[in-house]
Amino acid sequence: MKIIIRAPNWLGDAALAVPALKDVQHNFPQAKITILGQAWAKELYQSLGFIQEYIPLQPLHKPRDYWLASHHLREGKFDLAILLTNSFASALLLTLARIPQRWGYAKDGRSFLLTKTASPPSGPIHQVEYYRQLLQQVGCSLSSPGVENFSLSLPSTKNQRTSLAATFHLDADRPWVILHPGAAYGPAKRWPPKYFSELAGELLNRGLEVIIIGTAEDIPLVEQISSPLSPSPKNLCGQTSLSTLLQLLQEASLVVANDSGPLHLANLLQTPVVALFGPTDPRVTGPYRQPAVVLKKEAPCWPCRYQTCPFDHRCLTSIAPEEVLAAAEKFIG
């Protein structure tokens, strides 16, 4: 049997989909499982060990794009498509690819394109369970009743830490604390740079190796954090592939991050996390396993979908650096 799974588009969602992928493998242990997803996610999913093929998703803007992509997928002769995405476009593509069985949530007016549909949950539900409930509703069993046993196991050796230290000029003998001040969704999900700077200064004073990660677009943000500090944290923004990022997160003693992809990757790797939540709901996208601490403050406008806060951003500015440091001390002493 050949199964293709349309994976989520965002890094955080891609990480939170891992338990559902393991459920698919549990139900179809002899199947050849292929992932259709964003090109950058290949390194994450191939590390699971049971993904036989990864097909990078090409941009789909014009009818010709759909024709070419569906023709390529048709050559794979897949028996079943499982859609972890909710869009009409994803169902249309896999229908045009003539895949006989297509399972997904009945959303975005696409039910007529699916052969088995699931009803979306009516209330807040963690994204991990959202993906797993889709499988349950279409008749699959769960490989484990809870999610606490799900993790991503990467091979780790002393040579890996030494190699990372040499590549990025890190002290291999000191504990590594990784900070992720960015959030791809927008500034509304970001704890203030000034607060990250205060936290980084306290951690540096304690003799810890402080590392800041992010994309190249986060470099100006990191400069705001680092400029008042001497010594400065190690700025690795824009310097890590996904596989290297996974290795760094695995070697860290602690990760402090906004609601973002690196937070969910660290949690998947069982690295301790302090999660800073503002406009989003930790019941839906918070760390789903220990060790983790979630910090969140109440706000009358919570939750919201603003990318930039039009008010005073109190949901995040109310989280003081001292509070984050106290949470961090539970993991770093």
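This report concerns the structure included in the present document. These numbers come from a predicted model, not from an experiment. (Residues numbered from 1 in each chain as written. Predicted model: local features only at pLDDT ≥ 70, side-chain atom pairs only at ≥ 80, totals over all residues. Heavy atoms only, no water.)

### As for the packing of helix α2 (residues 18-27) against helix α6 (residues 127-137)
Packed helix pairs are specified by the crossing angle of their axes together with the interaxial distance, meaning the distance between the axes.
Part 1 of the reasoning: Here α2 crosses α6 at 25°, and the two axes come no closer than 8 Å. What the angle tells us is that α2 and α6 run roughly parallel. Between α2 and α6 the crossing geometry is right-handed. Residues Pro-19, Ala-20, Asp-23 and Val-24 of α2 form the contact with α6, whose participating residues are Val-128, Tyr-131, Arg-132 and Leu-135.
Part 2 of the reasoning: Residue composition of the contact of α2 with α6, by class: 6 nonpolar, no polar and 2 charged. (Axes fitted to C-alpha atoms, helices over the stretch in contact; angles between N-to-C directions. Helix = DSSP H or I, 4+ residues; strand = E, 2+ residues; numbered from the N terminus. Parallel < 35°, antiparallel > 145°, perpendicular 65-115°, else oblique. Left-handed = near helix turned anticlockwise from the far one by under 90°. Contact = heavy atoms within 4.5 Å. Nonpolar A, V, L, I, M, F, W, Y, C, P; charged D, E, K, R; others polar.)

### Some details on the pattern of salt bridges
Two side chains carrying opposite charge are able to pair once their charged atoms lie near each other.
Part 1 of the reasoning: Scanning the entire structure with this criterion turns up 13 salt bridges.
Part 2 of the reasoning: Where Glu-329 meets Arg-206, a salt bridge forms, and the shortest distance between an N and an O atom there is 2.6 Å. Taken together, the residues Glu-329 in helix α14 (residues 321-332) and Arg-206 in the loop between α8 (193-205) and β8 (209-212) connect sequence positions 123 residues apart.
Part 3 of the reasoning: The class for Glu-329 is partly exposed, based on a relative accessible area of 30%.
Part 4 of the reasoning: Ionic pairing is found between Asp-281 and Arg-283, a salt bridge with its closest N-O pair at 2.7 Å.
Part 5 of the reasoning: Note on Asp-281: relative accessible area 12%, which makes it buried.
Part 6 of the reasoning: For Arg-283, a relative accessible area of 52% translates into the label exposed.
Part 7 of the reasoning: Each of the salt bridges in this network shares a partner with another, and the network as a whole consists of Asp-171, Arg-174, Glu-209 and Lys-234. (Salt bridge = Lys/Arg side-chain N within 4 Å of Asp/Glu carboxyl O. Buried < 20%, exposed > 50% of the residue type's maximum accessible area, 1.4 Å probe, protein only.)

### Concerning the nonpolar core
Part 1 of the reasoning: In this structure, Ile-5, Tyr-45, Ile-82 and Leu-249 are the most contacted members of the largest nonpolar core, which totals 66 residues.
Part 2 of the reasoning: Aside from chain neighbours lying at most four places away, what touches Leu-249 is Ile-178, Ile-213, Val-255, Pro-262, Leu-265, Ala-266, Leu-269 and Thr-271.
Part 3 of the reasoning: Membership of the second largest hydrophobic core comes to 31 residues, among which are Val-177, Val-256, Val-324 and Ala-328. (Core = buried A, V, L, I, M, F, W, Y, C linked by side-chain atoms within 4.5 Å.)

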